[in-house]
Amino acid sequence: MAKTDKPSIPSVLAFEKKLVPSDAQLFAVSWENRTAPQGLKLQVKSVRGTISNRLKTAKEADPAKLDASIENANIQTVDYCALPNDKDTLKVRFTLKVLSGVQTPSACNGQDFQKTYAEAVQGYIAKTSFTELAQRYATNIANARFLWRNRVGAEQIQVVVKHINSNSDKPTVWTFDAKGIGLQAFDSKAVQALASVIADSLSGKTEFALLDIEAYAQLGEGQEVYPSEELVTEKGDKSKILYETDGIAALHSQKVGNALRTIDTWYEQDGRPIAIEVYGSVTNQGTAYRKPTDKKDFYTLFDKFALGEKLEANDEHYVMAMLVRGGVFGQSSK
C-alpha cells in the first residue's frame, strides 16, 4: 500500500494583517477643555552641543588633543515638537480596523496544507473564540501603550474608544484610566466589553470592527512631545527628522501596531510583554527571546500547528498572534 504523503509548508504562503491601525496624529488641548484641538506642527532648531562621545585612547592621554576636539562645536539641526505654552495635554488620535478571516491565507500554493491549516485555526477558534488575544489587544488600547515615550511623566492619561460600526444608532463609547490599567498585566475587567468586540471580529462572528481611538496625556504646558522619527539614510541638513501627515505631527501606523501587539509574555524568560515577532526580537536590547535553538520560534511552532500537531495553549496563542500580525511565511523549495 502506498504511503500517504504528509502535507508540507508551501513555498508561497502569506497572511494579511488583521489589526490595521492608521497613522496617529498629535494635537494639543487643555485637560479641562478638549474642544477645538490644535494640530501640532513640527519645528526646526539648531543646537550647539559639546563633544560627549567616548574618546580614543590617544585623545584620553593627550589633553591638548581633547581641547582641540572640544573647540569643534557639535552643531545639529533637528526637528522638534512641543505643546504650546497655553495647552497642557497631548491628544493622540487614530483608527483601528479589526478584520476576520485569519483561517484563509492571502496567498498559498499548497491545497493539502491549506486544509490542515484551516482545520487547526478552526479548532483554535472553537476552543478560545480569540478571547485571550482580544483581551490583550484591548488592554494595550486602554492602557495607551501606543503613546510610547509620550506616556512617560504624564500626570493623567485617559483613553476614549468609539465602536464606529456598531449596530446601534449611536456608537458604543468606552473611557479608560490608562495609568490605572497599567502596562504589565492583561487581566483588567474594565476592558472586557471592548475585548468582546475585537474577539467577535477576529473569530469571524462579525466581518470587521472599526474603532476610533483618542488618548489624552496631561504632560504640562509647553512640554516636548515625541512623534515618530524618520530613518535618516543619507546625510542632509537635519540629523533628526520627525514624521508628519497633512502638516500635523504623527506616529507611524507601524509604531502604533507594534504597541498593540506587545502581548507576548509566553516566551517565559523575564515575563515583561514584548512585541509579537518571529524570533521574539527586541531591537533596543539587541536580543531575540525566541531562538530557533530553543524550539520556541514562530516557524518551529507554526509548522507543527499548521500540519495538525498539538501545541501547548500558550504556544497556540503565540502562533495565532503572529498570524493576526501577518507576514510572508513560505518555505523555500531550494
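Now for a description of the structure that goes with this document. (Residues numbered from 1 in each chain as written. Predicted model: local features only at pLDDT ≥ 70, side-chain atom pairs only at ≥ 80, totals over all residues. Heavy atoms only, no water.)

If you walk across this open sheet you meet the three strands as β8-β1-β18, and the pairing is antiparallel. The open sheet has two free edges, formed respectively by β8 (107-108) and β18 (327-328), since each of these has just one partner strand. Relative to β8, strand β1 (residues 13-15) is paired through two bridges, and the arrangement is antiparallel. Within the sheet, the bridge partner assigned to Leu 13 lies in β8 and is Cys 108. (Pairing = 2+ DSSP bridges. Helix = DSSP H or I, 4+ residues; strand = E, 2+ residues; numbered from the N terminus.)

Bringing the pattern of salt bridges into the picture now. With the rule as written, the count across this model stands at ten salt bridges. Salt-bridge contacts for Lys 127 lead to Glu 316; the nearest nitrogen and oxygen are separated by 3.0 Å. Here Lys 127, found in helix α3 (residues 111-128), pairs with Glu 316, found in helix α9 (residues 313-325); they are 189 residues apart in sequence, far enough to count as distant. When its relative accessible area of 59% is taken as the criterion, Lys 127 is described as exposed. One salt bridge in this structure joins Asp 264 and Arg 290, with 2.9 Å as the shortest N-O distance. A residue pair is termed long-range when its members are at least 10 positions apart, and Asp 264 in strand β14 (residues 262-264) and Arg 290 in the loop between β17 (287-288) and α8 (298-306) qualify at 26 residues. Comparing Asp 264 with Arg 290 shows no difference in burial state: the two are buried. (Salt bridge = Lys/Arg side-chain N within 4 Å of Asp/Glu carboxyl O. Buried < 20%, exposed > 50% of the residue type's maximum accessible area, 1.4 Å probe, protein only.)

The next thing to look at is the packing of helix α4 (residues 131-142) against α9. Here α4 crosses α9 at 60°, and the two axes come no closer than 10 Å. Taken together, the axes of α4 and α9 are oblique relative to one another. Pair α4 / α9 crosses with right-handed handedness. Counted together, Glu 132, Leu 133 and Tyr 137 of α4 and His 317, Met 320, Ala 321 and Val 324 of α9 form the full contact between these two elements. The class makeup of the residues in the contact of α4 with α9 is five nonpolar, one polar and one charged. (Axes fitted to C-alpha atoms, helices over the stretch in contact; angles between N-to-C directions. Parallel < 35°, antiparallel > 145°, perpendicular 65-115°, else oblique. Left-handed = near helix turned anticlockwise from the far one by under 90°. Contact = heavy atoms within 4.5 Å. Nonpolar A, V, L, I, M, F, W, Y, C, P; charged D, E, K, R; others polar.)

When you tally the buried positions in strand β11 (residues 208-218), you get nine out of eleven residues, the bulk of the element. Judged from the eleven bridges that link them, strand β7 (residues 89-99) and β11 form a sheet pairing that is antiparallel. The residue bridging Val 98 from the neighbouring strand is Ala 209, located in β11. Pairing between strand β9 (residues 157-163) and β11: seven bridges, direction antiparallel. Note that in β11 the partner of Val 160 across the bridge is Glu 214.

Let us now look at the nonpolar core. Ranked by internal contacts, the top residues of the largest apolar core, which has 80 residues, are Phe 130, Ile 141, Phe 146, Ile 198, Phe 302 and Leu 323. Among the elements that line this core, the one with the most residues is α9, at seven residues. Excluding residues within four positions of it along the chain, Leu 323 makes contact with Phe 15, Glu 16, Val 102, Tyr 117, Phe 298, Phe 302 and Phe 329. (Core = buried A, V, L, I, M, F, W, Y, C linked by side-chain atoms within 4.5 Å.)

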